[in-house]
Structures are given as C-alpha cells and as structure tokens.
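Chain and residue survey
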Amino acid sequence: MHLQNDKDIIRKEFLKKRILFKKKFTFKNKLKLILNLNDLLKNINYESIAGYYPIGSEIDCLTILEKEVIKNKLTALPYVKKDNKIEFRKWKNPDTLIGGLNNIPVPKNKIILYPDIILTPLLSFDMTGVRLGFGSGIYDRSFPNFPVSKKIGLAFSGQLNKRKLPNGPFDYKLDAVITEKDIFVFK
Ligand code: ADP
Ligand code: MG
C-alpha cells in the first residue's frame, strides 16, 4: 500500500536522524525542553500525567516525570495489552517495573489511570500535528480511549518534517509537540 510505503521511507530516515539528534542533545538542550514543557503545562489544569519508558533514541521521559512541576501529580507509564492498546498504570520512581511487550519495562502494579496528559515519543511530526511513530499504530489504536487527555509529543527539534507527513484515517493528531526550541500547539 502506498501510504505504508511512504511512511516507511520517512521512518527509516528519521530513525537514523534521531540517533544523531540524541547524540548531539546537550544538557542545556534538555533543560530547555523541560522549560518549554513546563511553560505549556502551567496553562493546563491537570492532576495526572503519563509518560513512557524510553527505548533507543527516544527522549528520556522518566527524568521528566520527576521534575519539579510534575512531582506532585499522579504519574503513569503505558502497558500494552494483548489487543495492542495501551492502558496506563500508575507509576512513580522507584515503583517496581517488570518486562512487558518486547521486554519494555512496565509497572508491576495494575492501578489504571486515565491521565489528563499523555506524553508520547515519536519519530517525526509535522506542522499540523500529524505524528509518525515506530509503525505499530499502538498510540493510534489507544488514543480514542482517551478523548479528553491532552496528547503531547516530545521531540528533538530536528524531528519536525517540514512537509506534510503522509497520514490516513487512523492517524490521531497530537495536541502539541515540545522540543528544545519550540512549543507547537496544534489544537
Ligand atoms: P505509527 O502510528 O506507529 O506510525 P501507523 O500509523 O503506520 O503506525 O499504523 C500502523 C498500522 O496500524 C497501520 O496499518 C494502521 O492502519 C493500523 N492502525 C492504526 N490505528 C488503528 C486502529 N484504530 N484500528 C485499526 N488499525 C489501526
Ligand atoms: Mg499512525
């Protein structure tokens, strides 16, 4: 299918690029990204926030969940169920993690949250909020179960695709993306 081929070509490109972006990402860049996230969050009334356990060159979300602004909120990490949909389980460092799908660590406890904010990793995004993921569609499948949650991508600034990303009816748009340079708000 054209759509999947087009996406796969861009995925490959950004998978390579993201490794370089991560290598070049300085401590100062990370602080700036966190400041930008704080700027966005301070205008949102929320009690709970979900992150993700970072894999490969994804932005480290675990330390972000421990930052000052977020510290007093309920925090959670994804658990991918057999139907390839995410449920969010309450988790705060140093709560126990166990191996989940593809051995990605997931919270051991089974307390389910419907987070007000969902932070997501991504391979690329465009100026309209379209998100390109790893190709499993897991977030696309899950987001309809969280209609009121704000979906915020975390990205290195270079992950912005300057042209519109290919997308189909299942591709769920993000509300915002935070990088070390910008706060993009789409909705
Ligand atoms: P990603 O979002 O990770 O970049 P894709 O958007 O390419 O990945 O989605 C991967 C596959 O999952 C596609 O074949 C897509 O049609 C399918 N998919 C995504 N969301 C749903 C859904 N809600 N129901 C059924 N299939 C879905
Ligand atoms: Mg998609």
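A brief structural summary. (Residues numbered from 1 in each chain as written. Chains lettered and ligands numbered in written order. Predicted model: local features only at pLDDT ≥ 70, side-chain atom pairs only at ≥ 80, totals over all residues.)

1. Some thoughts on the site of ligand 1
Note the threshold: Each residue receives a C-beta atom built from its backbone; the residue is near a molecule or strand if that atom lies within 6 Å of it. The classification used treats Ala, Val, Leu, Ile, Met, Phe, Trp, Tyr, Cys and Pro as nonpolar, Asp, Glu, Lys and Arg as charged, and all other residues, Gly among them, as polar.
Inspection of the region around ligand 1 gives Lys7, Leu132, Gly133, Phe134, Gly135, Ser136, Gly137, Asp140, Arg141, Phe170 and Asp171 as its neighbouring residues. Taken together, the residues of the shell around ligand 1 break down into three nonpolar, four polar and four charged.

2. Topic: helix H1 (residues 2-24)
Our working rule: Put simply, DSSP H or I for four residues or longer makes a helix, DSSP E for two residues or longer makes a strand, and each gets a number counted from the N terminus. A helix's residues, less one, multiplied by 1.5 Å, set its expected span. Here a residue counts as buried when 20 or more other C-beta atoms fall within 10 Å of its C-beta, as exposed when 12 or fewer do, and as partly exposed in between; the C-beta atoms come from the backbone. Any pair of residues counts as being in contact when their C-beta atoms, constructed from backbone geometry, are within 7 Å of one another.
Between the first and last C-alpha of H1 there are 33 Å, a value that for 23 residues agrees with the 33 Å anticipated at 1.5 Å per step. For H1, every residue scored as buried is listed here: Lys7, Phe14, Arg18 and Phe21. For H1, the secondary structure elements touched by its buried residues are strand E8 (124-125) and strand E9 (131-132).

3. Description of the pairing of strand E3 (residues 86-90)
We count it as follows: Strands qualify as paired when DSSP identifies two bridges or more between them.
In this structure, strand E2 (residues 74-80) lies alongside E3, joined through five bridges in antiparallel fashion. Directly across from Pro78, in E3, lies its bridge partner Phe88. Linking E2 to E3, which pair antiparallel, is a turn of five residues; within it Asn84 sits at a positive phi near 65 degrees. One ladder, built from two bridges, connects E3 with strand E6 (residues 112-113); its direction is antiparallel. Its bridge partner being in E6, Arg89 is matched across the sheet by Ile112.

Function cannot be inferred from these measures alone, as they are strictly geometric.
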